Amino acid sequence: MTVRVALIVGSLRKGSYSRAIGLELKAMAAPALELELVEIGDLPLYDPDLETDAPPPAWTRFREEVATTEAVLFVTPEYNRSIPGALKNALDVGSRPYGHSIWAKKPAAIVSVSPGALAAFGANHHLRQPLVFLGMPTMQQPEAYIGNVADLLDDDGKLTKDDTRKFLKDFMDAFAAWIDKTKA
Ligand SMILES: Cc1cc2nc3c(=O)[nH]c(=O)nc-3n(C[C@H](O)[C@H](O)[C@H](O)COP(=O)(O)O)c2cc1C
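Computed from a predicted structure; not experimentally measured. (Residues numbered from 1 in each chain as written. Predicted model: local features only at pLDDT ≥ 70, side-chain atom pairs only at ≥ 80, totals over all residues. Heavy atoms only, no water.)

### Regarding the packing of aromatic side chains
Per the stated rule, a full pass over the model turns up 4 aromatic pairs. Ring centres of Phe74 and Trp103 lie 6.0 Å apart, and the angle between their planes is 45°; on these two criteria the pair is classed as tilted. On the criterion of sequence distance, the pair formed by Phe74 in strand 3 (residues 71-76) and Trp103 in the loop between helix 3 (85-95) and strand 4 (108-113) is long-range, its members being 29 residues apart. What makes Phe74 buried here is its relative accessible area of 0%. For Trp103, a relative accessible area of 0% gives the class buried. Judged by centre distance (5.4 Å) and plane angle (35°), the rings of Phe121 and Tyr145 are tilted. A residue pair is termed long-range when its members are at least 10 positions apart, and Phe121 in helix 4 (residues 121-133) and Tyr145 in strand 5 (residues 144-146) qualify at 24 residues. For Phe121, a relative accessible area of 46% corresponds to the partly exposed category. Judged by relative accessible area, Tyr145 falls into the partly exposed class, the value being 26%. Taken together, the ring pairs connect Phe62, Phe74 and Trp103 into an aromatic cluster. The lysine or arginine in question, Arg13, covers the ring of Tyr17, its NZ or CZ lying 5.4 Å from the ring centre. (Phe/Tyr/Trp six-rings, centres within 6.5 Å; stacked < 30°, edge-to-face > 60°. Helix = DSSP H or I, 4+ residues; strand = E, 2+ residues; numbered from the N terminus. Buried < 20%, exposed > 50% of the residue type's maximum accessible area, 1.4 Å probe, protein only. Lys NZ or Arg CZ within 6 Å of the ring centre and 35° of its normal.)

So, in structure tokens, the structure goes:
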């Protein structure tokens, strides 16, 4: 049976390596997992004063899209040794109104991506902290730190190396098993 998974990319830029990796993961996970790219770039900064009967339409669109999925895959770069603000904002928007979080109990997995050698380790682990509070069972093993990413993608954003492809396919297979084991 196909499981619908929200794919959330922490970068907003068009040429994003993280987005390219996310789209490659989407292609290789099918048909067991149906990844739906959920955009976060248009979400106004979370402001409780906007949490009225008519919240910003982008918040509602985002909440509804994630709510229809059963799990979440985060693919993110690292900004200043943490997660990009846009991604933290998306987590905050999805966590409210209080008691109506779209994240609760959804299995999650994290892939961190960097052109640098440290592979966004800091972002990967900072993201785990809010996911604990949000009640998302987050896959611990295998971990995915994609460093030197510019060497792994061609000009069309496709993976160039068989060993990377195999590593990521194994990661997605493990995530499918993790979802099966942990979903509410
Ligand atoms: C504000 C800012 C902070 C950054 N900080 C880090 C960092 O801490 N660690 C890192 O590996 N790369 C850092 N970078 C470089 C990003 O990894 C690089 O821009 C990468 O391409 C962003 O991912 P994307 O291609 O998915 O947009 C930073 C970039 C920006 C714009």
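Alright, that's what it looks like, and here's the rest.
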